[in-house]
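# Remarks on the overall topology
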Amino acid sequence: MTKPTKPEMEATASETPAKTKTIGAAVTELVMDATLSYDQIVSMIHAQFQGCSTSARSVASVAARLRKDGVNVPKRRGGKVATE
């Protein structure tokens with residue numbers, strides 16, 4: 001004899017909420033696209049995560065950590081502009 005199931009306990013794939021992506025995961029994904037600058041990545045992160053304080057420096061830190069861990073992250077050129 002099988003145990004009856006309650007309809008509210010049966011979840012389908014469409015009813016299961018998608019796992020929320022973290023800022024770090026989003027930055028890690030975006031930093032792999034060599035066509036995006038750090039400033040563009042920051043803009044995209046701010047659009048996706050309202051109220052976050054992600055900066056170009058934090059994106060660069062994620063990229064540096066990935067490189068240290070052996071991931072082949074594309075390098076970006078055009079660092080800070082020298083001010084006189």
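Check the entry above for the structure.
Once a new chain begins, its residue numbering starts again from 1 and follows that chain's sequence as written. Only residues with pLDDT of 70 or above have their local features reported here, since the model is predicted, and side-chain atom pairs are shown and tallied only from 80 upward, although totals for entire chains, interfaces and linings are computed over all residues. Only hydrogens and water are removed before side-chain values are computed, so all heavy atoms of the structure are retained for them.

## Points about the overall build of the protein
Put simply, the test is: Secondary structure elements follow DSSP: runs of H or I no shorter than four residues count as helices, runs of E no shorter than two count as strands, and numbering proceeds from the N terminus. Remark: exposure states derive from per-residue accessible area (1.4 Å probe, protein chains only) relative to the maximum for the residue type, with buried under 20%, exposed over 50%, and partly exposed in between. The contact rule is simple, with two residues in contact once any of their heavy atoms fall within 4.5 Å. Computed by Shrake-Rupley with a 1.4 Å probe, the accessible areas treat only the displayed protein chains as cover when residues are assessed.
Secondary structure assignment for the protein yields three helices and zero strands. For the protein, the N- to C-terminal ordering of α and β elements is α-α-α. For the protein, the proportion of its 84 residues judged to be buried stands at 23%. Contacts spanning at least 24 positions in sequence make up 49% of the contacts within the protein whose residues lie at least 6 apart. Element-wise, carbon and sulfur atoms account for 56% of the exposed surface of the protein, whose accessible area totals about 7,000 Å².

## As for helix H1 (residues 23–31)
Using the following cut-off: To obtain the arc, one takes the directions from the helix axis to the C-beta atoms.
Within the span of H1, buried status applies to Ala26, Val27, Leu30 and Val31. The buried side chains of H1 occupy one side of the element, clustering within an arc of 125° when seen end-on.

## Some details on the side chain of Arg76
Going by this rule: For the purpose of counting charges, residues Lys and Arg are taken to be positive, whereas Asp and Glu are taken to be negative. His and the chain ends are not included. Note on definitions: salt bridges are taken to be side-chain nitrogens of Lys or Arg within 4 Å of carboxyl oxygens of Asp or Glu. Throughout this description, a polar contact denotes any pair of N or O atoms lying within 3.5 Å of each other; where both atoms belong to protein, one of them has to be capable of donating a hydrogen while the other can accept it, and for residues adjacent in sequence the pair is counted only when both atoms sit in side chains.
Looking at the secondary structure, you find Arg76 in the segment after helix H3 (56–68). For the buried residue Arg76, which engages in no salt bridge, the nearest side chain bearing the opposite charge is Asp33, 6.0 Å off. Here the side chain of Arg76 touches Val31 through a polar contact of 2.9 Å, landing on its backbone oxygen. Within the structure, Arg76 has its side chain in polar contact with the backbone oxygen of Pro74 (distance 2.8 Å).

## Concerning the packing of H1 against H3
Put simply, the test is: To get an axis, fit a line to the C-alpha atoms, keeping to the stretch in contact for a helix; angles then go from 0 to 180 degrees between the N-to-C directions. Angles below 35 degrees are treated as roughly parallel, those above 145 as roughly antiparallel, those between 65 and 115 as roughly perpendicular, and all remaining angles as oblique. For this classification, the nonpolar set comprises Ala, Val, Leu, Ile, Met, Phe, Trp, Tyr, Cys and Pro, the charged set comprises Asp, Glu, Lys and Arg, and every other residue, Gly included, is treated as polar.
Where H1 meets H3, the closest approach of the two axes is 10 Å, and the angle between their N-to-C directions is 75°. By the angle class used here, H1 and H3 are roughly perpendicular. Each of Val27, Thr28 and Val31 in H1 lies in contact with H3, whose residues at this interface are Val59, Val62, Ala63, Arg65 and Leu66. Of the residues assigned to the contact of H1 with H3, the class counts are six nonpolar, one polar and one charged.

## Observations regarding the environment of Arg57
With respect to the element layout, Arg57 can be found in helix H3. Taking the C-alpha atoms as reference points, Arg57 and Val42, 15 residues apart in sequence, are found 9.5 Å from one another.

## As for H3
This is how it is decided: In this analysis, the expected span of each helix is defined as 1.5 Å times one less than the number of residues it contains.
Between its terminal C-alpha atoms H3 stretches 18 Å, which fits the 18 Å expected from 13 residues at 1.5 Å a residue. Of the positions making up H3, those classed as buried are Val59, Ala60, Val62, Ala63 and Leu66. Along H3, the residues classed as buried sweep out an arc of 155° about the axis, all on the same side. Opposite its buried face, H3 presents the exposed residues Arg57 and Lys68, each directed more than 90 degrees away. Of the surrounding elements, those touching the buried residues of H3 are H1 and helix H2 (38–48).

Read these as layout, nothing more, since geometry by itself doesn't imply function.
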